[in-house]
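One-letter residues, chain by chain:
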Amino acid sequence: MGPSDSSHYCSKKFYITTPIYYVNAKPHIGSLYSTVLADVGARWNKLRGAQTLFLTGLDEHGQKVADAATKAGRLPKEHVDALAPEFTKVWQEFDCAYDTFIRTTDDYHVKAVQTWLQQLVDRGDVYKSSYVGWYCVGEEAFITEKDLIIDPNKKEPICAFCGRQTRKLEEEGYFFRLSAYQDRLLEFYKTHDDFIVPKERLKEVVSFVESGLRDLSISRSTLSWGIPFPTDTKHVTYVWADALLNYISAIGYGDSAREKEFAYYWPADVQVMGKDIVRFHAVYWLAFLMASDFALPKQLMVHGWLTLGGEKISKSLGNVIDPTDLYAQYGSDVVRYYLVRYMAITQDSPFSIEDMENRATTDLANDLGNLVSRLSALVLKYIPDGVVQTPQAFEESELALQKECHDMLSEASALMDELYYARAYARIWKFVQQVNSYIHAQQPWKIVKTDMVKFSQIMSALVHALHTIAIVCEPIIPQSSAHILATIGKEYAPACNKDYITICREPWNDTFVVRACEPLFKKYDIQK
Ligand code: ME8
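As the structure is a prediction and not an experimental result, all values here were calculated from the model. (Residues numbered from 1 in each chain as written. Predicted model: local features only at pLDDT ≥ 70, side-chain atom pairs only at ≥ 80, totals over all residues. Heavy atoms only, no water.)

Caption draft 1: How the structure looks around the packing of aromatic side chains. Overall, the coordinates contain 35 aromatic pairs when judged by the stated rule. Ring geometry for tyrosine 131 against phenylalanine 142: centres 4.5 Å apart, planes inclined by 70°, an arrangement best described as edge-to-face. Taken together, the residues span a long stretch of sequence, with tyrosine 131 in strand E4 (residues 126-136) and phenylalanine 142 in strand E5 (residues 141-143) at a distance of eleven residues. Here tyrosine 330 and tyrosine 524 contribute two aromatic rings whose centre-to-centre distance is 5.5 Å and whose plane-to-plane angle is 55°, an arrangement assigned as tilted. Taken as a pair, tyrosine 330 in helix H11 (residues 323-342) and tyrosine 524 in the segment after strand E19 (512-513) lie far apart in primary sequence, 194 residues in all. (Phe/Tyr/Trp six-rings, centres within 6.5 Å; stacked < 30°, edge-to-face > 60°. Helix = DSSP H or I, 4+ residues; strand = E, 2+ residues; numbered from the N terminus.)

As structure tokens, then:
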């Protein structure tokens, strides 16, 4: 199911994106968070039988990257080339299995942006004018007066969004008629109230648009690090007009040989991002697409900040946690689990190593890891070849467990589809605990001495339950899921239209060959 192999397109597709990150510094835990969320979304939809395309990449132009290059004593292109592998390395460490990686300096992207701009010019959506305003390099945007803080001790006003000093820019340039899209945007929000998840964040966007949209400057003449503006090469393209286009250039927009691919994948199903850039996506991006008569993305998944000591973790604040250090100490699954299950998208979440160790010990090592090792040990002790057959019939207690499993599948699937991954995994862990309660209630280590038929029923019910747990956990802890499946003699092989949730709902009549397993997770000394 290669992304550009149009001859084998599946009837169900799922296209998910992350923001493309500025290459002004190495990736940090915040960038990892968005990328892991998108990876979980991609894996979940693959598991449901969709042909999935997961796009991530790098935003390499603009003032911010140019300034970072100067500071590092390098040319911008040398700088981005040196840093790009830092990102792909981290995504690989954390099993973020993207299908396409875009860099905005890639030739095909440059060409696509120029084609698009030329069309806007031809259609009259772009005009030349001059502008004076306060530009914030942190935000890579002009800041309107109401969002400027005047500090009597500073020459330039401060940007209310990020607290950095703005620069006065006075230039001639090209403008996109954003104001012409105000009514269409408001109509769209009104008729698509689930466009942004969580819903509450749509309100901020609506009030921003209602307060009146001004045309958007989409070129710069005082900067040379950018995509040359097609009709006037004294200008480069404004970095956001260049960057947003990545979502369509990556899937073939602007390349006549890739038209089918573009038609198949667009519109995006889910675009993941932090709350800082929702305005760029919910306003400018939509207006750009409207101007080109393209369909609009189906949903934006907008998450809050990971914080440290109450402050946003950010490259510019310098309070970053290096994902590679975390990987060296905890590996991929523990960090992924903690990020997705405990950093809910609906709010800002403090990231704490102590809390992560705590959760890894209780949820992963105690709840899940012990379940797997206990089951494997019991089976191998009493069924020497490890073959767990389906019993003639299940008793009420096993059927009750099966019902709990089916309830979990319905509720967790609904939450995953609504993009509430933290809640979905909380629901899945409730089931892990129900399975543990079932073992405690049944006491198979005692039953085995008197009733081998009942023992076989319990073992079969447990392995079926564990199979389902391993499948639904694949998106969040792919390595441990693979270990669990290997322990119960199963493979995971997603394919077009093969919906593992439907498979997990089938009657429990499978045979499993259980093997010995090493402890899956480490316990951390929480007192320490
Ligand atoms: O904005 N907590 O790139 P960027 C959670 N290039 N997420 C965080 C975070 C934190 N503390 N810090 C960063 C850009 N992020 C543009 C995007 S898209 C066409 C262009 C995540 O490198 C979050 O997703 O500044 C945020 O939106 C993104 O990194 C910003 O990355």
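That covers the picture; the talk isn't over yet.
Caption draft 2: Geometry of empty space enclosed by the protein. Counted under the stated rule, the structure contains two cavities of 30 Å³ or more. Estimates place the volume of the largest cavity at around 40 Å³. If you trace the largest cavity, you find it lined by Tyr131, Phe142, Glu171, Glu172, Gly173, Phe175, Ser217 and Ser219. With four residues, strand E8 (residues 167-176) is the largest single contributor of residues to the lining of the largest cavity. When grouped by side-chain class, the residues that make up the lining of the largest cavity number three nonpolar, three polar and two charged. In this structure, the second largest cavity spans a volume of roughly 30 Å³. Lining the second largest cavity are Gly62, Tyr135, Glu140, Arg220, Leu223, Thr237, Tyr238 and Val239. Here the lining of the second largest cavity is composed, by residue class, of four nonpolar, two polar and two charged. (1 Å grid on protein atoms, 1.4 Å probe; cavity = no way out; pocket = protein on both sides within 12 Å on 5 of 7 lines; lining within 4 Å. Points joined across faces, edges and corners; volume = space filled by probe spheres on them. Nonpolar A, V, L, I, M, F, W, Y, C, P; charged D, E, K, R; others polar.)

Caption draft 3: Molecular detail of the pairing of strand E14 (residues 299-303). Among the five residues that make up E14, five are buried, leaving the element largely enclosed by the rest of the structure. Side chains Gln299, Met301 and His303 project from E14 onto one buried face, and the interleaved Leu300 and Val302 project onto a second face that is buried too. In the sheet, strand E9 (residues 196-197) pairs with E14 via two bridges, with the strands oriented parallel. Counterpart to valine 197 in the pairing with E14 is methionine 301. Where strand E13 (residues 270-274) lies against E14, five bridges are found, and the strand directions are parallel. Across the sheet, residue glutamine 271 finds its bridge partner in E14, namely leucine 300. Handedness of the crossover is the feature at issue here: the chain leaves E13, passes through helix H10 (residues 278-291), returns alongside E14, and the resulting connection is right-handed. (Buried < 20%, exposed > 50% of the residue type's maximum accessible area, 1.4 Å probe, protein only. Pairing = 2+ DSSP bridges. Right-handed = clockwise from strand over helix to strand, strands pointing away.)

Caption draft 4: Seen up close, unusual backbone geometry. Each neighbour pair has its own omega, and for valine 197 with proline 198 the value is 0°, a cis peptide bond. If you trace the backbone, proline 198 turns up in the loop between E9 and helix H6 (200-210). Proline 267 follows tryptophan 266 through a cis peptide bond whose omega is 5°. For proline 267, the position within the fold is in the loop between helix H9 (259-265) and E13. In this structure, aspartate 95 is a non-glycine residue whose phi angle is positive, near 55°. With respect to the element layout, aspartate 95 can be found in the loop between helix H3 (76-93) and strand E3 (100-103). A positive phi is found at aspartate 293, a non-glycine position, where the angle reads about 60°.

Caption draft 5: Quick look at the sheet that holds E4. Read from one edge to the other, the open sheet built from four strands follows the order E5-E4-E8-E10, with strand pairing classed as antiparallel. Edge positions in the sheet fall to E5 and strand E10 (216-217), since each of these pairs with one other strand and no more. Two elements, E8 and E10, share two bridges in a ladder whose sense is antiparallel. Directly across from phenylalanine 175, in E10, lies its bridge partner serine 217.

Caption draft 6: Structural context of helix H17 (residues 478-487). Restricting attention to buried positions, one finds in H17 the residues Pro478, Ser480, Ser481, Ile484, Leu485 and Thr487. Looking at the buried positions of H17, the neighbouring elements they touch are helix H1 (29-47), H11, helix H12 (353-382), helix H16 (452-473) and E19. Looking one or two residues beyond H17, the residue adopting positive phi is glycine 489, at roughly 70°. (Contact = heavy atoms within 4.5 Å.)

Caption draft 7: Structural view of the site of the ligand. Surveying the vicinity of the ligand reveals 26 residues, the closest of which are Ile20, Ser34, Asp59, Asp276 and Ile313. Contact distances for the ligand include 2.8 Å between a nitrogen atom and a backbone N or O atom of isoleucine 20. The separation between a nitrogen atom of the ligand and a polar side-chain atom of aspartate 59 is 2.7 Å. Looking at the shell around the ligand, the elements with two or more residues in it are strand E1 (13-22), H1, helix H7 (239-244), helix H8 (246-249) and E13. Tallying contributions element by element places E1 first for the shell around the ligand, with four residues. Residues that form the shell around the ligand fall into these classes: 14 nonpolar, eight polar and four charged. (Near = heavy atom within 4 Å. Polar contact = N/O pair within 3.5 Å; in protein donor to acceptor, adjacent residues only side chain to side chain.)

Caption draft 8: Main features of the domain arrangement of the chain. Looking at the assigned domains, one finds that the chain contains domain 1 (13-350) and domain 2 (353-513). Here the C-alpha centre of domain 2 lies 40 Å away from the C-alpha centre of domain 1. At the junction of the two partners, domain 1 supplies 31 residues and domain 2 supplies 37 residues. Between domain 1 and domain 2, a total of about 3,200 Å² is buried, with carbon and sulfur atoms accounting for 65% of that surface. For domain 1, the biggest contributors to the area lost against domain 2 are Trp44, Leu47 and Tyr337; these three give 24% of the whole. With a shortest N-O distance of 3.7 Å, aspartate 417 and arginine 48 are connected by a salt bridge. Where domain 1 touches domain 2, the interface holds 16 residue pairs in polar contact (both at pLDDT 80 or more). Secondary structure elements with two or more residues in the side of domain 1 that touches domain 2: H1, E14 and H11. (Domains from an automatic or database assignment. Buried area = accessible area lost by both parts, 1.4 Å probe. Salt bridge = Lys/Arg side-chain N within 4 Å of Asp/Glu carboxyl O.)

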